[in-house]
Amino acid sequence: TAEPPALTAMHLAQALERRQFVLHYQPMVDLDSGGVAGAEALLRWQHPTLGLLPPVRFLPLAESSGLIRDIGAWVLRDACRQMREWQALGWGTFRLAVNVSARQVGPDFDTWVKDVLADTGLAAEYLEIELTESAAFGDPAIYPALETLRRIGVRFAADDFGTGYSCLQHLKCCPITTLKIDQSFVAGLADDARDQTIVHTVIQLAHGLGMDVVAEGVETAASLELLRQAGCDVVQGFLFAQPMPAAKFVRFASRRRNAVMSANEPTIAC
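Residues numbered from 1 in each chain as written. Predicted model: local features only at pLDDT ≥ 70, side-chain atom pairs only at ≥ 80, totals over all residues. Heavy atoms only, no water.

*Asks:* Mind laying out the pattern of salt bridges, listing which residues take part and the relevant values?
*Replies:* Under the definition given, this model contains 13 salt bridges. A salt bridge links R77 to D119; the nearest nitrogen and oxygen atoms lie 3.1 Å apart. Of this pair, R77 sits in helix α3 (residues 68–87) while D119 sits in helix α4 (residues 109–120), placing them 42 residues apart in sequence. For D119, a relative accessible area of 56% gives the class exposed. Among the salt bridges present, the one from E128 reaches R155, with a minimum N-O distance of 3.1 Å. Linking E128 in strand β5 (residues 127–132) with R155 in strand β6 (residues 155–161), this pair joins segments that are 27 residues apart in sequence. (Salt bridge = Lys/Arg side-chain N within 4 Å of Asp/Glu carboxyl O. Helix = DSSP H or I, 4+ residues; strand = E, 2+ residues; numbered from the N terminus. Buried < 20%, exposed > 50% of the residue type's maximum accessible area, 1.4 Å probe, protein only.)

Written out as structure tokens, the structure reads:
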């Protein structure tokens, strides 16, 4: 078989112009209620000849070419627009997690996010911005911008926590509300005592600092049970669902909501 054609920055720019990028949404499940606590918006490229491409195929190129700022701006705006539509469904407490590149975060970051929220009509408390450890903790100069957004209700998650080189001092100072345990610690959770110790420690640390914990990459019932025992708040992974288009996500969330409500209905004795 022939090698697929190399992707270039020009292809990326054309994809943005021609609206070939799409968002898929992966459910985030609350371990206490069993309901859908939110969704993570994940970028895909609907390439006209190569099909649906995952971000690993093109995000490094977007970063190196500088196009990540324009692509990231589209992602945040489209995700917030979608979330605004979902508000009409009356799902109640629900958060939309959106990944933001370090290249998008600067001193004026708060102004940009506020403008997107205003333009899309989305209330700040529905948005959770995911930052890698390097983006969240790498430059204390951005903390005031993050804190300004935090005060109006925007939440911040440290994505892939445990894989970077952040120090506890940064964790104390940065206005993070959620720690996301990287899937590399979750994959072998049932068989690796070291992973179990790390996960327990991160959950205790986060809760001690008043943060929530999300575990990524949950694929087995055994891992899920260990996370439940450790006190994890929210999980996501293929055990529940793969990322899916918005319409399919609505059906998934509605079915799970109905199932949870049915399970919690009181039984009337005859």
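*Asks:* If you had to explain the packing of α4 against helix α6 (residues 143–152) to someone new, which residues and values would you point to?
*Replies:* The geometry of α4 relative to α6 is characterised by a closest axis approach of 8 Å and an angle of 35° between their N-to-C directions. Along its contact with α4, which presents F109, D110, V113 and K114, the element α6 presents A145, L146, T148, L149 and I152. Looking at side-chain class alone, the contact of α4 with α6 contains 6 nonpolar, 1 polar and 2 charged residues. (Axes fitted to C-alpha atoms, helices over the stretch in contact; angles between N-to-C directions. Contact = heavy atoms within 4.5 Å. Nonpolar A, V, L, I, M, F, W, Y, C, P; charged D, E, K, R; others polar.)

*Asks:* Describe unusual backbone geometry, naming the residues involved and giving the relevant values.
*Replies:* Peptide bonds are, in most cases, trans, and in most cases residues other than glycine have a negative phi. One non-glycine residue, R19, adopts positive backbone phi at about 60°. With respect to the element layout, R19 can be found in the loop between α1 (9–17) and β1 (21–30).

*Asks:* How would you sum up the packing of α3 against α4? Please name residues and give values.
*Replies:* Pairs of packed helices are described in terms of their axes, by the angle between the two and the distance that separates them. Between α3 and α4, the shortest axis-to-axis distance is 9 Å and the interhelical angle comes to 40°. Between α3 and α4, the angle is such that the two are oblique. Here α3 and α4 pass one another in a crossing that is right-handed. Contact residues: α3 offers G72, A73, L76, R77, C80, R81 and R84, while α4 offers W112, V113, V116, L117, D119 and T120. Among the residues making up the contact of α3 with α4, the classes are represented as 7 nonpolar, 2 polar and 4 charged. (Parallel < 35°, antiparallel > 145°, perpendicular 65-115°, else oblique. Left-handed = near helix turned anticlockwise from the far one by under 90°.)

*Asks:* Describe the packing of aromatic side chains, with residues and values.
*Replies:* Per the stated rule, a full pass over the model turns up 10 aromatic pairs. Centre to centre, the rings of F21 and W74 are 6.5 Å apart; their planes meet at 45°, and the pair counts as tilted. Separated by 53 residues along the polypeptide, F21 in strand β1 and W74 in helix α3 bring together distant segments of the chain. Note on Y25 and F249: the rings are 6.3 Å apart at their centroids and 55° apart in plane angle, and the pair reads as tilted. Here Y25 is found in strand β1, whereas its partner F249 is found in helix α11 (residues 246–264), with 224 residues between them in sequence. F249 matches Y25 in its accessibility class, with the two residues each being buried. Ring pairing ties together the aromatic residues F21, W45, F58 and W74, which thus form one cluster. (Phe/Tyr/Trp six-rings, centres within 6.5 Å; stacked < 30°, edge-to-face > 60°.)

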